[in-house]
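Observations on the three-dimensional arrangement
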Amino acid sequence: MPLVSIPVDRLQRLIGRRLEREELTTALERLGSDVEGYAVMARYRCAACGQLTEALEHEDFNNRCDYCGSDKLSAAGWSEVVRINLLPVRPDTFDAAGLARALAGILGIRTGLPEFEFGASGIVCRVAPGLEAVRPFIACCCARGLKLDEELLRMLMRLQENLHWAPGRDRRRASIGVYNLDAVRPDFSYRPVGPEEVRFVPLFGMPEGMVEATPRDVLERHPKGASYRHLLAGFDRYPLLSDSAGAVLSLPPIINSEATKVTAATRNLFVDVTGPDEGTVGRTLAIIAAVLADLGARVETVAVEYPDGRRTTTPDMAPREATLRPDEACRVLGVTLSPEELAGCLARLRHGATISGGVLRVRSPAYRADLMHDYDLIEDAGIGYGYERVTPRLVPAMTVGRPQPIEETAEVYRRSLTGLGFLETMTLQLTNAEEHLTRLGYPDDLPCVRLENPVRVEGTILRRHLFSGLLSILRVNTTAEMPQHIFEIGDVFEPDGAVETGVRGLRRVGIAMAGPKAGFAEIKAVVEALGHELGIEAGFRAAALPFGIDGRCAEAGTWGVVGEVHPAVLERFGIAQPVAVAELAVLRGE
Amino acid sequence: MTRLPETEFRLLAALEPERALTVEELVQKTGMDQSQVAGTAEMLARRGLVMVLTSEHEEFSLTEEGRQAASAGLPERIAARAIRAAGGTVALQDLPALLGKEDTRTEVKWLTRKGWCSREAGMLTLTAGADSRPGPDEAAIAVLAKLGQATGQELAAAGLDPAEVAALLRGRAELVRRRRRTRRTVALTDAGRELVAAGIQPASEVTQLTPELLASGRWREVILKKYDVGLGTARRFPGKAHPLQRVIQETRRAFLEMGFEETASATVETAFWNFDALFQPQDHPAREMQDTFYLAEPRLGRLPDDELVSRVGCTHEDGGETGSTGWRYKWDIELARRLVLRTHTTATTIRAVAANPEPPRKVFSVGKVFRRENVDATHLPEFIQIDGIIIDEGASLATLFGTLSEFYRRMGAKEVRFRPSFFPYTEPSAEAYAFIEGLGWVEMCGCGVFRPEVTRPLGCRVPVIAWGGGLERVAMLRFGLDDIRKLYLADINWLREARLCR
């Protein structure tokens with residue numbers, strides 16, 4: 001989970017009282033936040049692009065701008081911060097204002113539904129036809145009279161980035177633009193444009209040698225274009241937000257224009273959110289609008305007109321309404337609470353709950369992106385009540401423990417082999433063709449389960465046998481005392497179209513004996529001992545193993561194989577001791 | 001009649017009832033060497049049969065020169081005889097020629113000091129009676145030559161005063177050595193005397209009791225040698241289950257004892273069971289190539305019956321019949337067919353719910369899961385996960401906490417506590433922390449009540465509580481490992497050392 005740094009002083013001012021660290025930590029944990037610790041965060045302004053970069057004190061900082069990479073940075077203040085892991089399900093708590101709203105509730109300072117009254121700006125955003133497939137929805141608002149400073153500006157930018165990440169799914173589901181309202185001329189137009197249709201100066205610098213860029217230039221040559229052009233791939237017309245004079249605000253979801261850039265001196269903002277799902281777009285704007293309002297801005301609505309004539313007013317802060325049965329809530333939480341008590345618990349999570357006809361009528365903030373079901377409210381009631389107050393108890397139902405038969409059989413192999421003095425090893429199931437096939441003399445094209453997106457070259461296929469794992473253990477233990485008698489019990493995998501998941505997993509036991517006296521007779525005696533314990537009649541027949549010595553390998557019916565490892569293979573593994581191995585299916589006799 | 005080891009017999013037999021014998025005497029009498037005598041005497045002393053007495057004394061013995069003087073006479077005695085033969089007077093400068101040696105200072109010194117010669121104007125002249133009888137020093141040398149070495153006591157017995165001998169020989173260290181010596185003597189105790197009087201007999205002593213000794217009955221005639229039980233031995237190592245496997249078995253035992261049935265499913269899983277059935281939206285970050293291993297070969301698996309699949313799909317899109325809003329997107333059945341390496345064993349337990357959703361059921365699974373992680377000291381792309389679920393009318397957050405408290409106490413926790421957390425498929429959700437002696441609070445697992453969006457499409461109408469967590473970290477804490485890789489590319493010495501007991 002990404003970490004977010006919340007300025008403690010601003011948080012306390014927004015909550016309305018001072019909190020000792022311990023009290024703050026406890027309250028955050030009661031909300032489900034993981035507190036990493038407290039630190040000092042320094043801010044630097046980039047002389048090249050004007051953006052702010054943050055760095056924790058006492059942490060390695062490369063003195064480079066986060067945005068353009070320039071090293072022309074100058075100090076721009078610092079804050080004491082609390083470092084918490086972002087809760088992706090609660091994007092409304094990603095910043096100091098939203099977190100303060102939630103903390104005020106859990107601390108009992110301000111409970112119940114927060115009310116937001118927004119006046120109309122009179123501004124209209126008209127959506128032109130042609131965006132249905134690429135990015136159909138937009139929601140906007142204005143925020144006037146905001147007193148920005150460097151810390152707040154940086155906080156808002158960080159909120160924007162984190163909203164892009166979590167509800168925005170890396171801008172796919174929601175992309176946010178924040179503009180200097182005084183630099184643009186309402187109304188606005190959200191419309192499709194061709195790759196060469198307009199020219200503007202994007203944020204964070206122009207591609208080299210250019211004065212103005214077309215959408216195509218941005219996609220092909222601007223760093224943000226490179227990061228997000230996949231979201232517009234396959235379309236020949238791109239979404240564009242422009243003002244009444246035709247000036248470009250942004251090319252969603254890629255980049256804003258330089259002309260609309262927000263600085264610490266900006267007082268009036270215009271905000272838009274675009275995306276393919278109106279609900280996500282609306283809730284994301286509601287989060288930002290609530291934050292701006294809590295920070296003291298006068299938020300105003302914008303009318304959005306769609307090509308089909310539909311007209312919406314954004315942001316829509318109307319609470320989500322639901323009913324909750326108190327008995328259902330008590331059953332799921334396993335507590336006995338009256339409807340009034342439940343309403344109180346919900347109020348601490350900033351829901352407005354009233355009781356009517358024995359059920360709870362719950363009104364929840366529009367910015368809550370995570371409320372999909374009554375169970376979400378039940379969880380909030382539980383958090384409001386406090387998990388530490390829930391009395392643990394066991395379910396009364398009597399059930400009987402029953403192991404998987406294969407595990408019981410495996411345990412017989414394990415006990416027999418440890419009784420014979422063998423040490424159990426465990427190796428990784430992911431391996432690679434070189435180690436697993438080539439080095440042991442198996443054909444390279446032996447059908448194996450292959451990964452599409454391996455994370456490293458050592459693990460590209462699932463193992464088909466246990467031999468390479470055993471030999472790799474012997475290889476790293478050449479200096480340990482001989483003889484070395486080891487085994488592994490684990491699954492091997494073969495592609496098999498007859499199986500539901502296309503792969504057959506087989507439980508096997510692999511055995512290896514290394515040392516001056518290791519040989520066929522020795523390992524065969526071990527296999528025969530296992531056969532005796534498991535009730536398996538092992539008839540040995542000469543067989544060939546790709547890594548075995550000719551004439552010293554055998555198969556024990558369908559149970560498995562035994563053999564002495566060929567010196568050439570031992571040499572390839574760097575093992576200077578004779579080694580005999582066996583691999584058996586984890587079976588028991590009839 | 002007592003049977004004794006040969007050495008003990010010989011020593012006891014050599015001792016005299018009324019006298020202490022020196023070790024040297026015993027060496028002579030028993031024919032054993034000095035260390036054998038000392039060792040045997042020590043062992044007998046421990047059993048109270050003899051006493052070993054130690055005394056310190058002064059010992060005199062002759063040097064090589066001393067022995068020469070004893071046979072040929074002291075240098076001044078030889079010189080006096082020669083001077084007498086030469087007429088009683090000799091010039092100092094002629095003395096070397098007379099005695100046939102260059103350096104005659106010793107002779108001159110003692111001739112004059114003893115008053116055998118007067119020295120005047122470079123002439124030595126014998127005095128009257130100078131070389132008549134041997135002096136006391138010559139007598140002492142003669143006695144020492146006879147005895148080899150002697151204590152003061154022995155000198156006195158030979159009629160010499162040890163103090164006088166010492167004084168006489170002062171300044172003549174070239175003839176006589178004086179040393180302080182420790183002497184050990186051995187004497188029978190009363191118990192020893194009784195034992196010897198009752199009769200003792202030698203028996204041979206053996207180290208290893210052999211089948212031959214047993215078969216022939218000859219063990220009756222031998223003595224089994226006593227060992228020094230404090231001595232070190234060669235190290236042995238038992239065959240052992242792998243430390244992580246032991247934690248797995250402990251976990252399974254805890255589950256089985258608590259009435260859970262064990263379930264299992266394939267490591268390779270369809271995205272449907274790994275994600276979709278758990279209500280994880282298809283654009284959820286955890287499903288991305290960045291986090292989950294997808295298979296290139298084979299690529300697609302088969303889905304369960306259409307009705308179930310469609311119920312799950314509808315739940316994603318608009319909540320279906322679960323009372324949820326759903327995720328509000330177009331669910332793609334093709335993505336559900338993709339094969340992945342399962343990212344959690346919840347894929348296994350959710351299959352168990354689908355197979356039989358009728359309460360009451362307690363089900364658990366232990367198995368390998370995969371996450372697309374880079375390898376470092378705390379991460380591996382594959383690890384062991386446990387998962388437990390309870391399908392029950394009484395399943396709730398409270399019974400979840402109660403079950404986990406009991407479970408982790410069985411695993412060695414002193415106390416268990418819970419904190420809110422968030423997972424895509426449980427609501428409410430929590431994290432369980434266990435207090436482990438010496439470590440403090442350790443995060444053990446994520447847990448919660450399955451969302452109705454998960455259980456209802458599978459035909460389950462009662463609450464289902466679930467939890468899951470990795471086991472490697474538990475094993476690392478238990479065995480004091482700081483690198484997870486050690487579990488899977490193990491040092492055999494570590495496996496041999498890792499003790500079975502907690």
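Residues numbered from 1 in each chain as written. Chains lettered and ligands numbered in written order. Predicted model: local features only at pLDDT ≥ 70, side-chain atom pairs only at ≥ 80, totals over all residues.

This part is about the overall build of chain B. The number of helices and strands found in chain B is 22 helices and 21 strands. Against the compact-globule benchmark of 23 Å for 502 residues, chain B has a radius of gyration of 50 Å, which places it well outside the compact range. The principal-axis extent of the C-alpha atoms belonging to chain B is close to 150 × 65 × 40 Å. Of all 502 residues assigned to chain B, the portion counted as buried reaches 39%. Look at the contacts in chain B between residues 6 or more apart in sequence, and 68% of them connect residues 24 or more apart. (Helix = DSSP H or I, 4+ residues; strand = E, 2+ residues; numbered from the N terminus. Rg over C-alpha atoms; globule rule 2.2 N^0.38 Å. Buried ≥ 20, exposed ≤ 12 C-beta atoms within 10 Å, placed from the backbone. Contact = placed C-beta atoms within 7 Å.)

This part takes up the overall build of chain A. Looking only at helices and strands, chain A features 15 helices and 27 strands. The C-alpha atoms of chain A give a radius of gyration of 33 Å, which is well past the 25 Å a tight globule of 590 residues would have. Judged by the C-alpha coordinates and their principal axes, chain A covers about 90 × 70 × 50 Å. Pairs at least 24 residues apart make up 70% of the contacts formed inside chain A by residues separated by at least 6 positions.

With an omega dihedral of -5 degrees, the bond running from Thr314(A) to Pro315(A) counts as a cis peptide bond. Its place among the elements puts Pro315(A) in the loop between strand E14 (311–314) and strand E15 (320–324). Residue Arg328(B) is not a glycine yet carries a positive backbone phi of 60 degrees. On the neighbour-count criterion, Arg328(B) (16 C-beta atoms within 10 Å) is partly exposed.

A separate point is the environment of Pro7(A). Along the polypeptide, Pro7(A) turns up in strand E1 (residues 3–7). Sequence separation of Pro7(A) and Val81(A) is 74 residues, and the distance between their C-alpha atoms is 4.2 Å.

When its domains are assigned, chain B resolves into domain 1 (2–56 + 181–206), domain 2 (64–132) and domain 3 (244–497). Taking only C-alpha atoms into account, the centre of domain 1 of chain B sits 77 Å from that of domain 3 of chain B. (Domains from an automatic or database assignment.)

Another aspect to go through is the confidence of the model for chain B. Across chain B, the average pLDDT comes to 89, with 99% of residues at 70 or higher. Predicted as a complex, the structure gets a pTM of 0.79 and an ipTM equal to 0.89. (pLDDT = per-residue confidence, 0-100.)

Since one α-helical turn is 3.6 residues long, residues separated by three or four positions face the same way. Residues and elements named next belong to chain B. The terminal C-alpha atoms of helix H18 (residues 397–410) lie 20 Å apart, and with 14 residues this matches the ideal 20 Å at 1.5 Å per residue to within 8%. With respect to burial, H18 is a largely interior element, eleven of its 14 residues being buried. Looking one or two residues past H18, Gly 412 carries a phi angle of roughly 110 degrees, positive in sign. (Expected span 1.5 Å × (residues − 1).)

The next thing to look at is the packing of helix H8 (residues 326–333) of chain A against helix H10 (residues 374–385) of chain A. Residue and element names in this part refer to chain A. Where H8 contacts H10, the axes come no closer than 10 Å and their chain directions differ by 65 degrees. For the element pair H8 / H10, the angle class is roughly perpendicular. The way H8 lies across H10 gives a crossing that is right-handed. For the pair H8 and H10, contact is made by Glu 328, Ala 329, Val 332 and Leu 333 and by Asp 374, Tyr 375, Ile 378, Ala 381 and Gly 382, respectively. The residue inventory of the contact of H8 with H10, partitioned by class, reads six nonpolar, one polar and two charged. (Axes fitted to C-alpha atoms, helices over the stretch in contact; angles between N-to-C directions. Parallel < 35°, antiparallel > 145°, perpendicular 65-115°, else oblique. Left-handed = near helix turned anticlockwise from the far one by under 90°. Nonpolar A, V, L, I, M, F, W, Y, C, P; charged D, E, K, R; others polar.)

Taken residue by residue, the interface counts 79 residues in chain A and 84 residues in chain B. The element best represented in the side of chain A that touches chain B is H10(A), accounting for seven residues. Where strand E20 (residues 450–451) of chain A meets strand E14 (residues 295–297) of chain B, two bridges bridge the pair, whose relative direction is antiparallel. Along E14(B), the bridge assignment pairs Arg450(A) with Glu297(B). (Pairing = 2+ DSSP bridges.)

Right, let's get into the sheet that holds strand E22 (residues 484–495) of chain A. All names here are of chain A. Spatially, seven strands are ordered E18-E22-E23-E27-E26-E25-E24 in an open sheet, and the strand pairing comes out mixed. Of all the strands in the sheet, just strand E18 (423–424) and strand E24 (540–542) have a single pairing partner and so form its edges. Of the strand pairs in this sheet, E18 and E22 are connected by two bridges, and their pairing is parallel. The residue bridging Glu 424 from the neighbouring strand is Phe 487, located in E22. Sitting on the sheet, helix H13 (residues 467–475) touches E22, strand E23 (503–514) and strand E27 (579–585), and the angle it makes with E23 is about 35 degrees. The strands touched by helix H14 (residues 520–534) are E23, E24, strand E25 (548–556), strand E26 (560–565) and E27; relative to E27, the strand with the most contacts, the crossing angle is about 25 degrees.

Under the local residue numbering, the UniProt record ascribes the feature "domain: B5" (unreviewed entry) to residues 317–392 of chain A. Secondary structure across residues 317–392 of chain A comprises 39% helix and 21% strand; the distance between its end C-alpha atoms is 39 Å. (UniProt positions renumbered as here; feature names shortened; annotations may be inferred.)

Now for the UniProt feature "binding site: Mg(2+)" (unreviewed entry) in chain B. Sequence positions flagged by UniProt for "binding site: Mg(2+)" (unreviewed entry) are, in local numbering, Glu427(B). Position of Glu427(B) relative to the elements: it lies in strand E19 (residues 426–436). Not counting residues up to four positions away in its chain, the partners in contact with Glu427(B) are Tyr375(A), Asp376(A), Glu379(A), Gly448(B), Val449(B) and Arg451(B).

In the predicted model, chain A carries a mean pLDDT of 92, and the fraction of residues at 70 or more is 99%. Mean pLDDT per element in chain A: strand E3 (residues 52–56) of chain A is the minimum at 80, and E27(A) is the maximum at 98.

Time to look at the domain arrangement of chain A. On domain assignment, one finds that chain A holds domain 1 (3–94), domain 2 (119–314), domain 3 (320–389) and domain 4 (405–585). Here the C-alpha centre of domain 3 of chain A lies 36 Å away from the C-alpha centre of domain 2 of chain A.

Another aspect to go through is the UniProt feature "binding site: L-phenylalanine" (unreviewed entry) in chain B. All names here are of chain B. In the UniProt entry, the feature "binding site: L-phenylalanine" (unreviewed entry) is given for Thr 346, Gln 385, Ile 386, Asp 387, Tyr 425 and Phe 450. By the secondary structure assignment, Thr 346 is in helix H17 (residues 346–355). Not counting residues within four places of it along the chain, the set of residues in contact with Thr 346 comprises Leu 278, Asp 387, Ala 466 and Gly 468. Along the chain, Gln 385 turns up in strand E17 (residues 382–391). The residues touching Gln 385, leaving out its near neighbours within four places in the chain, are His 344, Thr 345, Gly 367, Val 369, Gly 468, Gly 469, Gly 470 and Leu 471.

Further remarks concern the sheet that holds strand E4 (residues 73–85) of chain A. Residue and element names in this part refer to chain A. Taken in spatial order, the four strands make up an open sheet running E1-E4-E2-E3, and their pairing is antiparallel. Each end of this open sheet is capped by a strand with a single partner; those strands are E1 and E3. Shown here is a sheet whose adjacent strand axes are inclined to one another by a mean of 45 degrees, direction ignored. Taken together, the five bridges between strand E2 (residues 35–46) and E3 define a ladder with antiparallel strand orientation. Within the sheet, the bridge partner assigned to Tyr 44 lies in E3 and is Thr 53.

It is worth spelling out the nonpolar core at this point. Counting residues in each nonpolar core, the largest one holds 245 residues, and the members touching the most others are Val579(A) and Ala432(B). Excluding residues within four positions of it along the chain, Val579(A) makes contact with Leu474(A), Ala512(A), Met513(A), Ala514(A), Ala518(A), Val565(A) and Leu570(A). Leu15(B), Val37(B), Ala41(B) and Val186(B) belong to the second largest nonpolar core, which has 14 residues in total. (Core = buried A, V, L, I, M, F, W, Y, C linked by C-beta atoms within 7 Å.)

The residue Thr378(B) is located in the loop between strand E16 (361–370) and E17 in this model. A C-alpha to C-alpha distance of 8.4 Å links Thr378(B) and Arg473(B), two positions 95 residues apart in sequence.

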